[in-house]
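As a plain string of letters, each chain reads:
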Amino acid sequence: MRLGLKKGINNCYLIDGSFNNDLSGLQRAIEFLKNQPGQTKCVILSDIHQSDIEEKELYRWLNEILVENQIDTMIGIGEEMIRNASLFSIESEFFKTTNQFLNEKLTENFKNEIILIKGTRSFGFERISNVLSEKTHRTVLEINMDAVTHNLSFYKSKLKDGVKLMVMVKAAAYGSSGFEIANLLQINQVDYLAVAFVDEGVELRKHGIETPIMVMNVAPESFSNILKYNLEPEVYSLGQLKQLIDFINNEEKGIKIHIEIDSGMRRLGFEEKHYDELTTILKENPSIQVVSIYSHLAGADEEKHNDFTKAQVEQFLLLADKIEKALKIHTIRHILNSAGIIRFPEFQLDMIRLGIGLYGFEACQLVQDELRPISTLKTVISQIKNVKKGETIGYSRVGVATQDARIATIDIGYADGFLRAFSNGKISLLVNGKPAPVIGNICMDMCMLDITGIEANEGDEVIVFGKNPSIKELADAIDTIPYEILTNISSRVTRVFYTN
Ligand SMILES: *Cc1c(COP(=O)(O)O)cnc(C)c1O
């Protein structure tokens, strides 16, 4: 059984699935619904048609499951449902047939809800799901939540006792969509989440995420949201610290901060020369509580930088210790990213910061086989044409048919994040299991594939990346890194989440 979460109308989310006499499957679907954060939870269910269990007992069981999982409302469709209506203690509504439901229940009634739609085949619930789905673009990024859980467990298994885990969910969880991933991480009790900007943190809080969140790049304009949404800023410079103090001195509450030390990345962070002033200011301002001190490694993934990495760690620890001593505090100290976790287990310290590894790419390529790809980017063929040898395909006429060819135009372009650099055969996408090279230049919303010799029809699915081709192959083809491929997938691409 596959459970997916997709976007519905009026800010709803839908969990879809047909139902075939499998009560434990039904129960799992209801539990899956319960585990989605925030929002009102609704189930739309058909008659169960289970002959092994006495009818009343069956519907009493169903009500219990709904109550136990804190489902807010139920819509029951079918005659059995109506017969047993009085057994339901949660808010419920009943319809005799799917048609009656579709005719009488206005879609405007569904707002900001997560809706589980489950019916036996004969009820044709796909029509309900159709009406309630957001009509979107046919290009979708499917995210396998089981693969995310698998990758998380893999990295957890590398942690020594007591080492905390922070997971980076910046840039919409590396392009996959922040809140669904954050929710899974919350359920799995990770200690910290981290985002790049305050807006990203606010978005997670609004969706019901309660896990502590560190924000790496906080501008003074966002200080009030930091407090309002209980976020924890990183502080990286004296200037920023002074601005934060000016702000916090006018507030009732104190604030937790994370101090970044620049040990060689030369990006953000305090240096040795700031030590005196930093500790003096912090001593004078007890409303600022330093919860962690950290640094970032510049080359943890490559052996050739090992000496540099070790020097970074040493310099970091020296300064972190001095700060802790001066302030008479103990903080969470952390320096490892995904690559570091694999290559420098001895530097786990008090916490590690997991990023790309969760999303299925092993940065050092030492244990890639242990991870599972989490996402598949799919699109469809909109039209197929036969072209003659010598004809050109697309803008600037750079794609030339070297023989009579079949060309498929597909629904993805550079505005979706399928970078224009993939033009002219740099990569092949998978059409019905066969590689089809990009021909010509990639357009904004479309591109063309040479599908000569491949059996395919208009409407067929095309795999842009997934198991094959992998994100790594795409990245290598245009000389970039998987991070960039992932984070470029634009927001107009529908995200669909599923678990097996
Ligand atoms: C993004 C980021 C990470 C995670 O890096 P990965 O290579 O994705 O594991 C860790 N720490 C900081 C400060 C980051 O910005």
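Just so you know, these numbers come straight off a predicted model, no measurement behind them.

### Focus on the domain arrangement of the chain
And step 1. Partitioning the chain into structural domains gives domain 1 (3-135), domain 2 (144-370) and domain 3 (375-499).
And step 2. For domain 1 versus domain 2, the distance between C-alpha centres works out to 41 Å.
And step 3. The partner domain 2 presents 6 residues to the 6 residues of domain 1 that form the contact.
And step 4. Summed over both partners, the interface of domain 1 with domain 2 buries about 520 Å², with 62% contributed by carbon and sulfur atoms.
And step 5. Of all residues in domain 1, Tyr-13, Asn-35 and Pro-37 give up the largest surface area on contact with domain 2, accounting jointly for 71% of the area buried on that side.
And step 6. Taken together, the connections running from domain 1 to domain 2 amount to 0 salt bridges.
And step 7. At the boundary of domain 1 and domain 2, one finds 2 residue pairs in polar contact (both at pLDDT 80 or more).
And step 8. Taken together, the residues of the side of domain 1 that touches domain 2 break down into 3 nonpolar, 3 polar and no charged.

### Regarding the environment of Arg-205
And step 1. Along the polypeptide, Arg-205 turns up in helix α9 (residues 198-206).
And step 2. In the structure, Arg-205 is positioned 107 residues away from Thr-98 in sequence and 37 Å away in space, judged by C-alpha atoms.
And step 3. Leave out the neighbours within four places in its chain, and Arg-205 touches Glu-210, Thr-211, Pro-212, Ile-213, Tyr-229, Asn-230 and Leu-231.

### Re the packing of helix α1 (residues 23-34) against helix α2 (residues 55-68)
And step 1. Across the interface, α1 lies against α2 with an axial gap of 10 Å and an inter-helix angle of 25°. As the angle between them shows, α1 and α2 are arranged roughly parallel. The way α1 lies across α2 gives a crossing that is right-handed. Note on element contacts: α2 touches α1 through Leu-58, Trp-61, Leu-62, Ile-65 and Leu-66, opposite Leu-23, Leu-26, Gln-27 and Ile-30.
And step 2. Of the residues contributing to the contact of α1 with α2, the split by class is 8 nonpolar, 1 polar and no charged.

### Comments concerning the pairing of strand β20 (residues 428-431)
Within a regular strand, the side chains alternate between the two sheet faces.
And step 1. As judged from the 4 bridges shared by β20 and strand β21 (residues 434-439), these two strands associate in the antiparallel manner. Looking at β21, one finds that Leu-429 is bridged to Ala-436.
And step 2. Between β20 and the antiparallel strand that follows it, β21, lie 2 residues; Asn-432 among them carries a positive phi value of about 45°.
And step 3. In this sheet, strand β23 (residues 461-465) lies alongside β20 in antiparallel orientation, the contact comprising 2 bridges. Across the sheet, residue Leu-430 finds its bridge partner in β23, namely Ile-463.

### What about the state of the cysteines?
And step 1. Counted according to the given criterion, the structure contains 0 disulfides.
And step 2. The closest cysteine sulfur to the non-disulfide-bonded Cys-42 is located on Cys-12, 8.5 Å from its own sulfur.

### Let's talk about the pairing of strand β9 (residues 192-195)
And step 1. What you see with β9 is no split at all: Tyr-192 and Ala-194 on one side and Leu-193 and Val-195 on the other are buried throughout.
And step 2. As defined by bridge partners, strand β8 (residues 164-168) adjoins β9 across 3 bridges and the pair is classed as parallel. Residue Met-166 lies in a different strand from β9, and its bridge partner there is Tyr-192.
And step 3. Where β9 meets strand β10 (residues 213-215), 3 bridges bridge the pair, whose relative direction is parallel. Paired with Val-195 across the two strands is Val-215, which belongs to β10.
And step 4. With respect to chirality, the unit in which β9 leads through α9 into the neighbouring parallel β10 is right-handed.

Reading guide: rules and limits
Numbers given for residues are sequential positions, taken from 1 along each chain in its written order. Residues qualify for local features only when their pLDDT is at least 70, as the model is predicted, and side-chain atom pairs are given and counted only at 80 or more; totals for whole chains, interfaces and linings, by contrast, use all residues. Hydrogens and waters are ignored; side-chain quantities use all the structure's heavy atoms. Here the limits of each domain have been adopted from an automatic or database domain assignment. We call two residues in contact when some of their heavy atoms are within 4.5 Å. By buried area we mean how much accessible surface two parts lose on assembly, using a 1.4 Å probe and totalling the loss over both. Here, a salt bridge means any side-chain nitrogen of Lys or Arg that lies within 4 Å of a carboxyl oxygen of Asp or Glu. In protein, a polar contact requires one atom able to donate a hydrogen and another able to accept it; more generally it is a pair of N or O atoms within 3.5 Å, and residues adjacent in sequence count only if both atoms are side-chain atoms. Three classes are used, and their members are as follows: Ala, Val, Leu, Ile, Met, Phe, Trp, Tyr, Cys and Pro are nonpolar, Asp, Glu, Lys and Arg are charged, and the others, Gly among them, are polar. For helices the rule is a DSSP run of H or I covering at least 4 residues; for strands it is a run of E covering at least 2, with both sets numbered from the N terminus onward. Whenever a helix is involved, its axis is fitted only over the stretch in contact; in every case the axis is a line through C-alpha atoms, and angles between N-to-C directions fall within 0 to 180 degrees. In these notes the angle categories are as follows: under 35 degrees is roughly parallel, over 145 is roughly antiparallel, 65 to 115 is roughly perpendicular, and the rest is oblique. Here a crossing is taken to be left-handed if its near helix is turned anticlockwise relative to the far helix by less than a right angle, and right-handed if that turn runs clockwise. By definition, two strands form a pair when at least two bridges between them are found by DSSP. Pairs of cysteine sulfur atoms within 2.5 Å are identified as disulfides in what follows. Relative accessibility under 20% of the residue-type maximum defines a buried residue, over 50% an exposed one, and the middle range a partly exposed one, all with a 1.4 Å probe and only protein chains included. The path from the first strand over the helix to the second decides the hand: if it runs clockwise while the strands point away from the viewer, the crossover is right-handed.

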